[in-house]
Amino acid sequence: MTTLHTDLDDIPNPVTARLARPEDHLALRHLWLLFRHDMSGFSSTLPFADGTFRTERLDAALRSEPGWRAWILTAGVHPIGFALVRDADQPVRVLNSFFVVAGARRGGLGLQFARAVVSDAPGEWKVAYQERNRAAARFWERVTAGCDRSWSDTVGAGGVVDTWISFSVGVETRHTGGRACRDRP
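Described below are features of the structure shown in this document. (Residues numbered from 1 in each chain as written. Predicted model: local features only at pLDDT ≥ 70, side-chain atom pairs only at ≥ 80, totals over all residues. Heavy atoms only, no water.)

### Quick notes on the pairing of strand β8 (residues 161–169)
So, point 1. Across the 9 residues that make up β8, a large majority, 7, are buried.
So, point 2. Inspection of the sheet shows strand β7 (residues 149–155) paired to β8 by 7 bridges, in the antiparallel sense. Looking at the pairing, Trp151 lines up with Ile165 of β8. (Buried < 20%, exposed > 50% of the residue type's maximum accessible area, 1.4 Å probe, protein only. Helix = DSSP H or I, 4+ residues; strand = E, 2+ residues; numbered from the N terminus. Pairing = 2+ DSSP bridges.)

### Details of the packing of helix α3 (residues 109–119) against helix α4 (residues 134–143)
So, point 1. As a packed pair, α3 and α4 sit with axes 10 Å apart at the nearest point and diverge in direction by 55 degrees. The pairing of α3 with α4 is recorded here as oblique in orientation. Between α3 and α4 lies a crossing of right-handed hand. Here α3 contributes Gly110, Leu111, Ala114 and Arg115 to the contact with α4, which in turn contributes Phe139, Trp140, Arg142 and Val143.
So, point 2. Looking at the contact of α3 with α4 residue by residue, the class counts come to 5 nonpolar, 1 polar and 2 charged. (Axes fitted to C-alpha atoms, helices over the stretch in contact; angles between N-to-C directions. Parallel < 35°, antiparallel > 145°, perpendicular 65-115°, else oblique. Left-handed = near helix turned anticlockwise from the far one by under 90°. Contact = heavy atoms within 4.5 Å. Nonpolar A, V, L, I, M, F, W, Y, C, P; charged D, E, K, R; others polar.)

### Looking at the layout of surface pockets
So, point 1. Roughly 1200 Å³ of volume is contained in the largest pocket.
So, point 2. Among the secondary structure elements, those contributing two or more residues to the lining of the largest pocket are α1 (25–43), β5 (92–100), α3, β6 (123–130), α4 and β8.
So, point 3. Counting residues per element, the lining of the largest pocket draws most heavily on β5, at 7 residues.
So, point 4. Tallied by class, the residues present in the lining of the largest pocket amount to 21 nonpolar, 10 polar and 10 charged. (1 Å grid on protein atoms, 1.4 Å probe; cavity = no way out; pocket = protein on both sides within 12 Å on 5 of 7 lines; lining within 4 Å. Points joined across faces, edges and corners; volume = space filled by probe spheres on them.)

### Here we look at the sheet that holds strand β1 (residues 2–4)
So, point 1. In space, the 8 strands of this open sheet follow the order β1-β2-β3-β4-β5-β6-β8-β7, with mixed pairing throughout. The two strands at the open ends of the sheet, each matched to only one other strand, are β1 and β7. Geometrically, the sheet is characterised by an average inter-axis angle of 25 degrees between neighbouring strands, direction not taken into account.
So, point 2. Bridge count for β6 against β8 is 8 bridges, and the pairing is antiparallel. Residue pairing for β8: Glu124 is matched across the bridge by Ser168.
So, point 3. Across the face of the sheet, α3 comes into contact with β1, β2 (15–19), β3 (69–75), β4 (78–86), β5, β6 and β8 while running at roughly 155 degrees to β5.

### What to know about unusual backbone geometry
So, point 1. A cis amide bond links Asn13 with the next residue in sequence, Pro14, at an omega value of 0 degrees.
So, point 2. Among the structural elements, Pro14 can be located in the loop between β1 and β2.
So, point 3. Here Ser64, not a glycine, exhibits a phi torsion of approximately 55 degrees, which is positive.
So, point 4. Checked against the element boundaries, Ser64 lands in the loop between α2 (56–62) and β3.
So, point 5. Judged by its relative accessible area of 56%, Ser64 falls in the exposed class.

Structure (C-alpha cells):
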C-alpha cells in the first residue's frame, strides 16, 4: 500500500493506492462504468441496452487471471480511482486502464497513483491513450517525464487512433513515492 498526498481540501485522508481485494470488486465495477462513460466521448462507444459497457478487461483482473492486476485508489472510505495492469508477469507490462474520478482530478493524485502502480514493478511498460484525448496525452507525458520513452500509433475499431508510450521504470524508484522513471543522463 502506498500513501499519497494532495492539496485538495475536499479529499478525505488517508489517500492510498493498493492492489484490489475481493471486497473492492463492487466499487471497481461502479468505477468502471464511470471510466467507460468518460472514454465513450473519445471512442464513440455506446452502452449496451442495460446501460453497461464491455467489461472483459475488468473481469480478467477481478478474476486474477494470469498476468492481470487490479489496483484501487481510495480517499478514506471513498473509492476514487483504479488501474488495471495486463501482462504483469511479462517483461513488458501494459497499464491497460486507468481512471480517477473527476472530483479528485487536478490535485496531483492521478500522477502519484500512476507512478505508484508502475514503480511497483520496475522494468518496461506501455500505456495507450486515444489521440483525440488531449488531456490524456498531457497526463501520460507528465507521468513518463524523465523516462527513456518512445511513441507509436495503432488504429483500432472505428478508426480510433491509439497512441502508445513505451517507457522504462528504474528499480531505484520502487516505493519511493517519487518519480517513476530515472532521470536521463
